[in-house]
Amino acid sequence: MKRADRPVACLAALTRRSLLPADALLAAAIFLATLGPGQVLALGEPRIWLLQTALVAPVAWRRRAPLTVFCAIAAAAAVQWAADVQLPADATLLVALYTVAAHSPWRRTLVAALSLEAGVLLAAARWAPPGQFPFTAAALTAMSAAALTMGLWMRVRRAYITSLERDREQQARLAVAEERARMTRDMHDIVTHNLSVMVALADSAAYVRHHAPEQAAAAMEQIADTGRQALEDMRRSLSAGDPSQPGEQAGAPLHPAPGIAQLGPLADRMRAAGLPIRLQVAGDPEAIPAAAQLTIYRLAQEALTNTLRHAPGATAEVRVRLTPQRADVEVTDDGHPGRGLAGMRERVAAYDGTLHAGPVSGGGWRVAASLDLAAKGAV
């Protein structure tokens, strides 16, 4: 919030919390302002003071009961008209009409406006100078119309602000839901991939531990490295954008999110887990936004993990083609996994992209995605 807006916001909050004191202060100001120009001080009669009080005092409750206050002031004005006493405090009728228009339903506003117009005609008929009835009635009607218009405008403005607040709250809820969905997808990819690799490495180490202990030791080291990588990825995913996370406070800086440059280490881990992979990257990764690079990495990771888990003994190939406007990712294998497509579609949809997944003629499975990096909303 801008510094200049803070006093206004504080005053608005104070007014909302204590309507009666603010309106009572307005009533007192009107009472004092209308003493001098009229007959109250000049005549000093008790009935004049009573009429002055009856016309002004209800203003203190105007926002708590708008129509009731309007009726009370209108009744006092009717008594005043019958007594043939003209007082400037009649201006409170305009305040009351404004309040009804700003806070009451349309029907009540219409009733109040028509009632005041009838009073305007009666007042002009009694107190207008000779021959000036049309002009006096027109002037008083114009003031009533101005009060009515201001009240209606205030009501529309209040409704508009309320709708903006609801939209802001809705957008905040959607942002939270989107962030939770992102974290869920990332956690699924991280856990599924790394656990699959660790299980494959553990199986390999158990198989060769007697006749090739060096390979078993290397597999165990790879398991430890994969576990550390998984912990780092989970910490990064959970603390993204939040400097208050313990990992950063403890002096453990997070590495950048994985991207195209990490496809090579990803392929190495998959090879160590028993999945032969060929990797081809064409184009300049530096021209690709970081968020798009993360999407490309997760797509390849998910597809390769599916192959590792569901098509043992298969081989895979990853082809990435990059341009400043487009990124194409294709993962093929000679197995038949066909899993994890929902998460892939969500990632591709963020870039108005396309995803094709299905069997390849002659055997195998193909996952191909295209990301429109120039699409509106692409990061």
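All of these numbers come straight from a predicted model, not from anything done at the bench. (Residues numbered from 1 in each chain as written. Predicted model: local features only at pLDDT ≥ 70, side-chain atom pairs only at ≥ 80, totals over all residues. Heavy atoms only, no water.)

### Some points on the overall build of the protein
The secondary structure content of the protein amounts to 13 helices and 5 strands. When burial is assessed residue by residue, the protein has 36% of its 379 residues classed as buried. Put simply, of all contacts in the protein between residues at least 6 apart along the chain, 66% involve residues at least 24 apart. Of the roughly 21200 Å² that the protein leaves accessible, carbon and sulfur atoms contribute 63%. (Helix = DSSP H or I, 4+ residues; strand = E, 2+ residues; numbered from the N terminus. Buried < 20%, exposed > 50% of the residue type's maximum accessible area, 1.4 Å probe, protein only. Contact = heavy atoms within 4.5 Å. Areas by Shrake-Rupley, 256 points an atom, 1.4 Å probe, with all protein chains shown as cover.)

### Some points on the environment of Gly119
On the secondary structure map, Gly119 appears in helix α7 (residues 106–127). For the pair formed by Gly119 and Leu93, sequence separation is 26 residues and the distance between their alpha carbons is 9.8 Å.

### Details of the packing of helix α2 (residues 19–33) against helix α4 (residues 46–56)
At a closest axis distance of 10 Å, the pairing of α2 and α4 adopts a crossing angle of 145°. Pair α2 / α4 crosses with right-handed handedness. Contacts between α2 and α4 involve Ala27, Ile30 and Phe31 on the former and, on the latter, Trp49, Gln52, Thr53 and Val56. Considered class by class, the residues forming the contact of α2 with α4 number 5 nonpolar, 2 polar and no charged. (Axes fitted to C-alpha atoms, helices over the stretch in contact; angles between N-to-C directions. Left-handed = near helix turned anticlockwise from the far one by under 90°. Nonpolar A, V, L, I, M, F, W, Y, C, P; charged D, E, K, R; others polar.)

### What about the pairing of strand β5 (residues 365–372)?
For β5, a buried count of 6 out of 8 residues is recorded, marking the element as mostly surrounded by other parts of the structure. By the bridge criterion, 8 bridges tie strand β3 (residues 326–333) to β5 in an arrangement that is antiparallel. Within the sheet, the bridge partner assigned to Thr332 lies in β5 and is Arg366. Relative to β5, strand β4 (residues 354–359) runs antiparallel, the two sharing 6 bridges. Bridge pairing in β5 links Gly358 to Arg366. (Pairing = 2+ DSSP bridges.)

### Here's the deal with a nonpolar patch on the surface
A cluster of nonpolar residues, Tyr160, Ile161 and Leu164, forms a patch on the protein surface that exposes about 270 Å² of accessible area. Taking relative accessible area as the criterion, Tyr160 reaches 51% and is therefore assigned exposed. (Patch = residues over 30% accessible without salt bridge, like charges linked within 9 Å, V, L, I, M, F, W, Y side chains within 5 Å. Salt bridge = Lys/Arg side-chain N within 4 Å of Asp/Glu carboxyl O.)

### Looking at the nonpolar core
Of all hydrophobic cores here, the largest spans 37 residues; its most connected members are Met270, Ile277, Ile296 and Leu304. Sorting elements by how many residues they give to this core places helix α12 (residues 290–310) first, with 8 residues. Setting aside residues no more than four positions away along its own chain, Met270 makes contact with His193, Val197, Leu275, Ile277, Leu304, Thr305 and Leu308. The next biggest cluster of nonpolar side chains, apart from the first, holds 25 residues, and it includes Phe31, Val59, Ala96 and Ala112. (Core = buried A, V, L, I, M, F, W, Y, C linked by side-chain atoms within 4.5 Å.)

### Some thoughts on the sheet that holds strand β2 (residues 316–322)
Strand order in the open sheet formed by 5 strands is β1-β2-β3-β5-β4, with mixed pairing between adjacent strands. Two strands in the sheet have a free side with no partner beyond their single neighbour: β1 (277–282) and β4. In this sheet, neighbouring strand axes are inclined to one another by 5° on average, regardless of whether the strands run parallel or antiparallel. Sitting on the sheet, α12 touches β1, β2, β3 and β5, and the angle it makes with β3 is about 10°.

### Focus on the confidence of the model for the protein
Mean pLDDT over the protein works out to 82, with 85% of the residues at or above the 70 mark. Considering only residues more than four positions removed or in separate chains, one finds that residues 243–252, a stretch of pLDDT under 50, has 11 contacts. (pLDDT = per-residue confidence, 0-100.)

### Focus on the environment of Phe70
The residue Phe70 is located in helix α5 (residues 66–82) in this model. Taking C-alpha positions, Phe70 is 6.7 Å from Leu97, a pair spaced 27 residues apart along the chain. Leave out the neighbours within four places in its chain, and Phe70 touches Leu93, Ala96, Leu97, Val100, Ala112, Ser115 and Leu116.

### Considering the environment of Arg126
Positionally, Arg126 belongs in helix α7. Owing to a relative accessible area of 36%, Arg126 belongs among the partly exposed residues under this scheme. Sequence separation between Arg126 and Gln86 is 40 residues, and the spatial gap between their C-alpha atoms is 9.8 Å. Contact partners of Arg126, with chain neighbours within four places excluded, come to Trp81, Ala82 and Asp84.

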